[in-house]
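Inside the fold
Below are the chains, spelled out letter by letter.
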Amino acid sequence: MDPAPPESFQTGRRNEREERSPVRGRAMDLKKRRKILEKKKTIHDLIKKASSIVDPLSPFDSFRRYQSNDLSVYLESCRGDRLSSSVKQYIQKLLKTNMEGFYGSDWRIQAKVKRKEMSSVDAHYIFVLELRYSKSYETSARRTCMERCNQIAGFVHYRFTVEEEVPVLYVYEIQLESRVQGKGLGDYLMQLIERIASKNRMSAIVLTVLTSNALAMSFYMSKLGYRISSISPSEANLPTLSVKYEILCKTFDSEAKSVLEKNDEEPTND
């Protein structure tokens, strides 16, 4: 058996390890930083690719037509920077009709915000075109953002974005004319939104609902299984907001679930 090395040698090796440890730490920090940057780039590229798709409905042709009893509609996609002036006016009018009552005195401010959001290049739309004339309209419906907007019966406005470093499809608006409500169309549109999110590898769907809109809250949470998000104002303790709303989410993977979903578990007392 070899004798133990002298103390001076042991000390020298220990000092050598101590001198190397900061170098090793810096290497680990660089590796961690590189990994974070790679993840951010992957998410950025994912969002960029999804946002650049001209027609997100193209993989879902079977979903373009919806029929229920006396309702027959055709779905068409468009982007905010391609909206005609008449379609913009239609969107503003329907938003005012459906949302002014819920916002109350805050509507004037909210209307300006929504008007600005409406024409963004990042804004994607699904327009609901009511087929009230003849089936031949369906073949002519696919034009640049519907010149004949008198046949629009509603729309969905959504975007591909990032929340808490997670790629998400964010539903900005889903607005329907009163005459087509209550016929399963809202449920159908949200099914389509989930397919679009999945196709484009989004990790969750996120949306905002006014707490005063009890029907919408019930629709998303009770019927569709959405949950209050951890990024919602009620979870962030922001009682000073004049307009009360909740941010809801439906997650599709464990990472999105861990950062976006509200933790309902009661704390345990040790």
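Not measured: the values here are computed from a predicted model.

A short note on unusual backbone geometry
Its identity is not glycine, yet Glu 164 carries a phi of approximately 55 degrees, on the positive side. The phi dihedral of Arg 201 falls on the positive side, at around 60 degrees, and the residue is not glycine. With a relative accessible area of 57%, Arg 201 lands in the exposed category.

Notes on the packing of aromatic side chains
Tallied over the full model, the rule gives 10 aromatic pairs. When the centroid spacing of 5.7 Å and the interplanar angle of 90 degrees are considered together, the rings of Tyr 158 and Phe 160 count as edge-to-face. Owing to a relative accessible area of 0%, Tyr 158 belongs among the buried residues under this scheme. Exposure remark for Phe 160: the relative accessible area of 5% places this residue in the buried category. Ring geometry for Tyr 170 against Tyr 172: centres 5.5 Å apart, planes inclined by 70 degrees, an arrangement best described as edge-to-face. Given a relative accessible area of 30%, Tyr 172 falls into the partly exposed group. Here Arg 159 stacks its cationic end above the ring of Tyr 172, 4.5 Å away from the centre of that ring.

Observations concerning the pairing of strand 6 (residues 204-210)
Regular strands place their side chains on alternate faces of the sheet. Among the seven residues of strand 6, six are classified as buried, and the element is accordingly described as predominantly covered. Note on the crossover from strand 5 (residues 166-176) through helix 5 (residues 185-199) to strand 6: the handedness is right-handed. Two elements, strand 6 and strand 8 (residues 245-251), share seven bridges in a ladder whose sense is antiparallel. Its bridge partner being in strand 8, Val 206 is matched across the sheet by Cys 249.

Points about the confidence of the model for the protein
Close reading of the predicted structure is inappropriate where its pLDDT is low. Confidence in the prediction of the protein, expressed as mean pLDDT, is 85, and 79% of residues score 70 or more. Between residues 141-149, whose pLDDT stays under 50, and residues either more than four places distant or in other chains, the model counts 27 contacts.

As for the nonpolar core
By size, the foremost hydrophobic cluster in this structure holds 41 residues, and its most contacted members are Ile 126, Leu 169, Leu 185 and Tyr 220. Of all the secondary-structure elements, those providing two or more residues to this core are helix 1 (7-52), strand 2 (71-79), strand 3 (124-130), strand 4 (152-163), strand 5, helix 5, strand 6 and helix 6 (214-223). Looking at which element gives the most residues to this core, the answer is helix 5, with eight residues. If sequence neighbours within four positions are ignored, Ile 126 has contacts with Leu 57, Leu 75, Glu 76, Gly 154, Phe 155, Val 156, Tyr 158, Leu 189, Leu 192, Ile 193 and Ile 196. Judged by nonpolar contacts, the second largest core, of 21 residues, contains Leu 83, Ala 123, Leu 129 and Phe 155.

Side note on the packing of helix 5 against helix 6
Interhelical geometry of helix 5 versus helix 6 gives an angle of 55 degrees and a closest axis separation of 12 Å. On the basis of their axis angle, the class for helix 5 and helix 6 is oblique. Considering only the axes of helix 5 and helix 6, their crossing is right-handed. Across the interface between the two elements, Gly 186, Asp 187 and Met 190 of helix 5 pack against Phe 219, Tyr 220 and Lys 223 of helix 6. Of the residues in the contact of helix 5 with helix 6, the class split is three nonpolar, one polar and two charged.

Some thoughts on the pattern of salt bridges
Any two side chains of opposite charge can pair, given that their charged atoms come close. Applying the stated rule across the entire model yields 15 salt bridges. Of the charged contacts in the structure, one is a salt bridge between Asp 81 and Arg 79, with a shortest N-O distance of 2.9 Å. Relative accessible area serves as the criterion here: at 17%, Arg 79 is assigned to the buried category. Salt bridges sharing partners connect three or more residues here, namely Asp 55, Asp 61, Arg 64 and Glu 76.

About the criteria used
Residues numbered from 1 in each chain as written. Predicted model: local features only at pLDDT ≥ 70, side-chain atom pairs only at ≥ 80, totals over all residues. Heavy atoms only, no water. Buried < 20%, exposed > 50% of the residue type's maximum accessible area, 1.4 Å probe, protein only. Phe/Tyr/Trp six-rings, centres within 6.5 Å; stacked < 30°, edge-to-face > 60°. Lys NZ or Arg CZ within 6 Å of the ring centre and 35° of its normal. Helix = DSSP H or I, 4+ residues; strand = E, 2+ residues; numbered from the N terminus. Right-handed = clockwise from strand over helix to strand, strands pointing away. Pairing = 2+ DSSP bridges. pLDDT = per-residue confidence, 0-100. Contact = heavy atoms within 4.5 Å. Core = buried A, V, L, I, M, F, W, Y, C linked by side-chain atoms within 4.5 Å. Axes fitted to C-alpha atoms, helices over the stretch in contact; angles between N-to-C directions. Parallel < 35°, antiparallel > 145°, perpendicular 65-115°, else oblique. Left-handed = near helix turned anticlockwise from the far one by under 90°. Nonpolar A, V, L, I, M, F, W, Y, C, P; charged D, E, K, R; others polar. Salt bridge = Lys/Arg side-chain N within 4 Å of Asp/Glu carboxyl O.

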